[in-house]
Every structure is written in structure tokens, then in C-alpha cells.
Amino acid sequence: MSTESSVPDLATTQRDFEELRRDVSSSPLWNKDLAPTTIKDRTWSTWNIAALWIAMSVAISTYMLGGIFIEQGMTWWQAMITILLGNSIVLIPMILNGHAGTKYGISFPVLCRASFGTRGANVPAILRAIVACGWFGIQTWIGGAALDALISATWSGWSTAFGQTAVMGVPVHSLVAFFLFWGIQVYIIFKGIEGIKYLETRSAPLLLAGGILFLIWASVRAGGLGRILSESAALQREHGNFWHIFPGALAVSVGYWATVSLNIPDFTRYARSQKSQMLGQALGLPLTMTAFAFIGVAVNSATLVIYGTPLSDPVTVSTTFRSATILIFVIVVILAAQLTTNMAANVVAPSNVFSNLNPKLISYVTGGMITAVIGILMMPWKLLASMGNYIYTWLTGYSGLLGAILGILICDYWVLRKRQLSLTDLFDTNGVYSYSNGINWRAIISLGAAILPVIPGFIRAAITPGGQVANPGLFDAIYTYGWFVTFALGFVIYYLLMNRQIRRS
């Protein structure tokens, strides 16, 4: 069994990478998209990483998040504290997991090879990809709705252009807008990862400006920010105790980015330094998520004052504007928000994952196209049919699943291997990470054992209308804290099973 190499926090020379490419380029586990990034590829500065998070955080789902918590009975400031706390918590494993990407230039599925095996890595990778495909469909559907509203506002005959025909219960004009937005994203997929970098960096200022202008409009029209926030209590549909609501809301806030916390190496592998990836994430994630959720709450409350009824969807709010110029600007910002979030959060990860299944046959672009097609097949309009199911089944359910994987990865890299990996062996079918026929069964067992306790609660939530169980029991409580439970169990069980194995090797 070969010895793992000791390398500094950022692999040092272009020559090191060129030697590695010559050594493993013939491996069935290697292609140019999965190969470690070279020094000249490390072009992402602190601002690029921060802009990535700003662009991903500014999305309609973020805008509506605080309002959902208020509907459950929170005050506006309780909702904001919960969102800030949740994103600050998930930031910690995000930075820890991103370290390997920057140090070794490796993507998420390649990092999984160290703990799950060169073949076993496909298990956690595919689980992450399935979630990403679902999210891709959801965000594309929301973006398509915004495009539908824009066309309807500028062309009065749009909604009747296809008659009253509906497909699967969806008006044809809405499906056409959905596929138009889908096509825009496919175009960007063909531009590769650098295209996403420029999209996120250039869109971030526009998104920030759009959010601020939206808040200013709401404050002016509704008589000031103080009045808006005082009226936000009227958005409450239930009046539950805060401490009863808080656990589930915190879990949702953490689980919101449970996806990217796994595949963050897909981005940090392009960072110039560890400082860039850590500082960029710290500056870009918690504050932007909280600020944009606050804008959503404020505008939602303002529409109650202005129109007499709350409008939680910014697309619906935009259609009330009489000025065509303002309407077009707002819709463009909304479209940009959906586009930037979807391309970074829900395309990069599955593209690399599908490429990892067969590196010699599937490239990053091919993987992206597979993602785009599966996103349609998952029928996102069904996932969004019930907001309760969306929050308590979709978000909470997958966060518990992904938390276990993250616990295993962090335990393996930080505790057991002490940040030392062998780059060559990550691409070697007979190397250190080949384990038993390419699969580390200890990692697979750890994953299964970690998610087992949340399954009963997930089933109960899935079959309950709205996703909220009336009389929650022990397993329902475990499910509510799913991400925390599975992360801890995955970490501990993997450590117990692997500690002696690592020391022997």
C-alpha cells in the first residue's frame, strides 16, 4: 500500500501537476475535467468566491424563506436570527470541506474516493446529484414562471396564444417559458466552469442593487420600514411557540445549503489560496442569505399595506408595476437571480458526478446535459405544489441524507488523514483508495447507519399533507434535527470503523 504524500496547503508548482497528469492520464478514473486544477487554473480571488455566494443566495427561494417562518408563527426578527444562525453553522463544515479542493485542486467526487473508495465514491456522489437535479428543475420552473410573467406583461396575447390547452395540468404558455429558460441554461452549460465564474461575478452587483431598490420601493410605498416591520405580524397564519417552531426552522436553514456544503470543493479547487476560499465564503454566505430573506419579508409585508393582501412571490409583485421599464428591470433581476443560483448550485456538482461515473465517456458538458434532462423528468411543478411538503419533506429530508456524507468526509480528511492525501492514488484503481474492489464498505455502512434513525420521521412527513405531523414523537423529533443527527452519527461511526484501519496503513 503506497504512502500518502505530504504537500503544503496549496500544491506548489505547475510541474507537480504535469507529472501527475503523465502518471495517471491513462487511468479509467481520469479525464481533463476531473484532473486536479493546475496552478494557472487557480484564478478565483476572494471576491470571486464571495460573488459566487452572493449570486447563489439571491434567489426567489431565499426571498420567500423568512416569510415561510413568519407564517408558522415567528416574528420577523426571530426569522432573521434563525436564518443567520443556520447559515453561520453550515459555513463551518463548508469551509472545512472546501480545504481539500484548494489544497489538492480536486472536485467533490474525486475527494469522495479517499473515504468511499475509487468505485464506492459513486454512491455519495449520485445521492448528491439526484438532489441537485431536483433543485435544478425547481429553480428552472421558478425562472420559467418569471419569464412567463415578463412575456405576459409585454404581450397581452401571450397567455392565449396557445389556446386553453394544458399539459399535465400546466398551461402550455407556462411550459414554453419553462423550456425557454431551460434552453438559456443549456447554453451556459456548454461554456464550462469559467462561464459560470464570469456569470456569478458580473451578476452579483446587479443582484445586490436590484434587492436594495426593491426594498426602497417597498419602504417608500408603504410609509417607511418601521411600519412595514410592525405589520409583518399580520403575515402569521399560525401562532405557535417560538421554541416549538425554531428546531425545524433552524434545520431547514442549515439544510438549505447542505447540498453545496458537500460539493464546495468543485469551486474551491479554483481558489488562489485557502484565505480566498475561507474569507470569500464567510463574507458571501451568511449575511447575503439573511439580507435577502429580510428583503423578502419586508416587501411581502409592504404589499399587505399597499394592496391589502400579502404577495409572497416577487414575480407577482412585479406584475403590479405600471411602468414597463421598471417591470422589465425587476423581471431581468429575478431571471438573473434564478440563473446564477441554478448554474452554480445545481449544475456543477451533478456534471462532475456524472462525469465520475465514466470519465472516459462523460465530460463535464455531457454531465451537465444529463442534469438538465433529469431536472425536467422530475416534474418540478409537482415538488412545488405544496410549500409545506417542499419545506418539511424535500428540504429537511435531503439535508439529513447529505449530512451523513459530510460527516464522513470531514472525519476522513481532517481527523483520520490529517489533511494528507495521495493525488496519484485518487486516480489509481489499485492504489491506497481501492480498498475492496474499489469500495470502502466501512464508509457505506457508516452512511447507512447514520441515516437509519431519520427514515421513520421522513416517511411520516412524506405521507402527511403539508409535511407537518400533528403529534410528533421521538422519531419525528430526530427527523426534524436530521442534518445534525446524521452528520454526528456519520462522523462518529466512520471514525470508530476506520481509525484502526488508517493506523495500520
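Just above, that's the structure.
Residues numbered from 1 in each chain as written. Predicted model: local features only at pLDDT ≥ 70, side-chain atom pairs only at ≥ 80, totals over all residues. Heavy atoms only, no water.

1. As for the nonpolar core
Soluble globular proteins tend to pack their nonpolar side chains together in the buried interior.
Right, so step 1: Grouped together as the largest cluster of nonpolar side chains are 135 residues, with contacts concentrated most on Trp-53, Trp-257, Val-260 and Phe-267.
Right, so step 2: Sorting elements by how many residues they give to this core places helix H6 (residues 122-154) first, with 14 residues.
Right, so step 3: Those residues in contact with Val-260 that sit more than four places away from it in its chain are Trp-53, Met-56, Met-94, Arg-128, Phe-267 and Ala-345.
Right, so step 4: Counting residues in each nonpolar core, the second largest holds 17 residues, with Ile-106, Val-110, Ala-114 and Leu-421 among its members. (Core = buried A, V, L, I, M, F, W, Y, C linked by side-chain atoms within 4.5 Å. Buried < 20%, exposed > 50% of the residue type's maximum accessible area, 1.4 Å probe, protein only. Helix = DSSP H or I, 4+ residues; strand = E, 2+ residues; numbered from the N terminus. Contact = heavy atoms within 4.5 Å.)

2. Some words on the side chain of Thr-268
Right, so step 1: Residue position: Thr-268 is located in helix H12 (residues 265-268).
Right, so step 2: We classify Thr-268 as buried; its relative accessible area is 1%.
Right, so step 3: At a separation of 2.8 Å, a polar atom in the side chain of Thr-268 contacts the main-chain carbonyl oxygen of Gly-98.
Right, so step 4: Among all residues touching Thr-268, those that are not within four sequence positions of it are Gly-98, Gly-101, Thr-102, Gln-277 and Gln-281. (Polar contact = N/O pair within 3.5 Å; in protein donor to acceptor, adjacent residues only side chain to side chain.)

3. Some remarks on a nonpolar patch on the surface
Right, so step 1: On the surface, a cluster of nonpolar side chains totalling about 670 Å² of accessible area is made up of Leu-206, Ile-212, Leu-213, Ile-216, Val-220, Ile-328, Phe-329 and Val-332.
Right, so step 2: When contributions to the nonpolar patch are tallied by element, the ones reaching two or more residues are helix H8 (192-222) and helix H16 (324-345).
Right, so step 3: Per-element tally for the nonpolar patch: the top contributor is H8, with five residues.
Right, so step 4: Mapped onto the elements, Leu-213 comes out in helix H8. (Patch = residues over 30% accessible without salt bridge, like charges linked within 9 Å, V, L, I, M, F, W, Y side chains within 5 Å. Areas by Shrake-Rupley, 256 points an atom, 1.4 Å probe, with all protein chains shown as cover. Salt bridge = Lys/Arg side-chain N within 4 Å of Asp/Glu carboxyl O.)

4. A closer look at the pattern of salt bridges
Right, so step 1: On inspection of all chains with the given rule, the structure shows four salt bridges.
Right, so step 2: Residue Asp-33 pairs with Lys-32 through a salt bridge whose shortest N-O separation is 3.6 Å.
Right, so step 3: In this structure, Asp-476 and Arg-460 form a salt bridge, with 2.7 Å as the shortest nitrogen-oxygen distance. Residue Asp-476 is found in helix H23 (residues 474-480), and its partner Arg-460 is found in helix H22 (residues 455-463); the two are separated by 16 residues along the sequence.
Right, so step 4: Relative accessible area serves as the criterion here: at 7%, Asp-476 is assigned to the buried category.
Right, so step 5: The class of Arg-460 is partly exposed, set by a relative accessible area of 37%.

5. What to know about the packing of aromatic side chains
Right, so step 1: Scanning all chains against the criterion turns up 26 aromatic pairs.
Right, so step 2: Residues Trp-44 and Phe-267 carry aromatic rings whose centres are separated by 6.3 Å and whose planes lie at 40° to one another, so their mutual orientation is tilted. Of this pair, Trp-44 sits in the loop between helix H1 (14-24) and helix H2 (46-57) while Phe-267 sits in helix H12, and the two are 223 residues apart along the sequence.
Right, so step 3: Residue class for Phe-267 comes out buried when judged on its relative accessible area of 0%.
Right, so step 4: With centroids separated by 5.3 Å and ring planes inclined at 20°, the aromatic side chains of Trp-483 and Phe-487 adopt a geometry described as stacked. Note that Trp-483 and Phe-487 are positioned in helix H24 (residues 482-504) at a spacing of four residues, about one turn of the helix. Take Trp-483 and Phe-487: they sit in the same class, and that class is buried. (Phe/Tyr/Trp six-rings, centres within 6.5 Å; stacked < 30°, edge-to-face > 60°.)

6. Some remarks on the packing of helix H4 (residues 76-104) against helix H14 (residues 286-307)
Right, so step 1: Where H4 contacts H14, the axes come no closer than 9 Å and their chain directions differ by 155°. Of the possible angle classes, the one that applies to H4 and H14 is roughly antiparallel. The interaxial crossing formed by H4 with H14 has right-handed handedness. Residues Trp-76, Met-80, Ile-83, Leu-84, Asn-87, Ser-88 and Leu-91 of H4 form the contact with H14, whose participating residues are Pro-286, Met-289, Thr-290, Ala-293, Phe-294 and Val-297.
Right, so step 2: Of the residues assigned to the contact of H4 with H14, the class counts are ten nonpolar, three polar and no charged. (Axes fitted to C-alpha atoms, helices over the stretch in contact; angles between N-to-C directions. Parallel < 35°, antiparallel > 145°, perpendicular 65-115°, else oblique. Left-handed = near helix turned anticlockwise from the far one by under 90°. Nonpolar A, V, L, I, M, F, W, Y, C, P; charged D, E, K, R; others polar.)

7. Some remarks on the packing of helix H5 (residues 108-116) against helix H17 (residues 348-357)
Right, so step 1: At a closest axis distance of 8 Å, the pairing of H5 and H17 adopts a crossing angle of 55°. Relative to H17, the element H5 lies oblique. Contacts from Phe-108, Pro-109 and Arg-113 of H5 reach H17 at Asn-352, Val-353 and Asn-356.
Right, so step 2: Here the residues of the contact of H5 with H17 sort into three nonpolar, two polar and one charged.

8. Here we look at H4
Right, so step 1: The first and last C-alpha atoms of H4 sit 43 Å apart over 29 residues, in line with the 42 Å expected at 1.5 Å per residue.
Right, so step 2: Once H4 finishes, Gly-105 follows within two positions and takes phi at roughly 70°, a positive value. (Expected span 1.5 Å × (residues − 1).)

9. Let's talk about the environment of Ser-174
Right, so step 1: Relative to the assigned elements, Ser-174 resides in helix H7 (residues 172-189).
Right, so step 2: Exposure remark for Ser-174: the relative accessible area of 15% places this residue in the buried category.
Right, so step 3: Taking C-alpha positions, Ser-174 is 9.0 Å from Trp-141, a pair spaced 33 residues apart along the chain.
Right, so step 4: When residues no more than four places from it in sequence are discounted, the contact partners of Ser-174 are Trp-141 and Asp-148.

10. Side note on the environment of Ala-222
Right, so step 1: Structurally, the position occupied by Ala-222 is in helix H8.
Right, so step 2: In sequence terms Ala-222 and Val-305 are 83 residues apart; their C-alpha atoms lie 5.9 Å from each other.
Right, so step 3: In this structure Ala-222 touches Arg-227, Ile-228, Ala-302, Val-305 and Ile-306, once residues within four positions along its chain are discounted.

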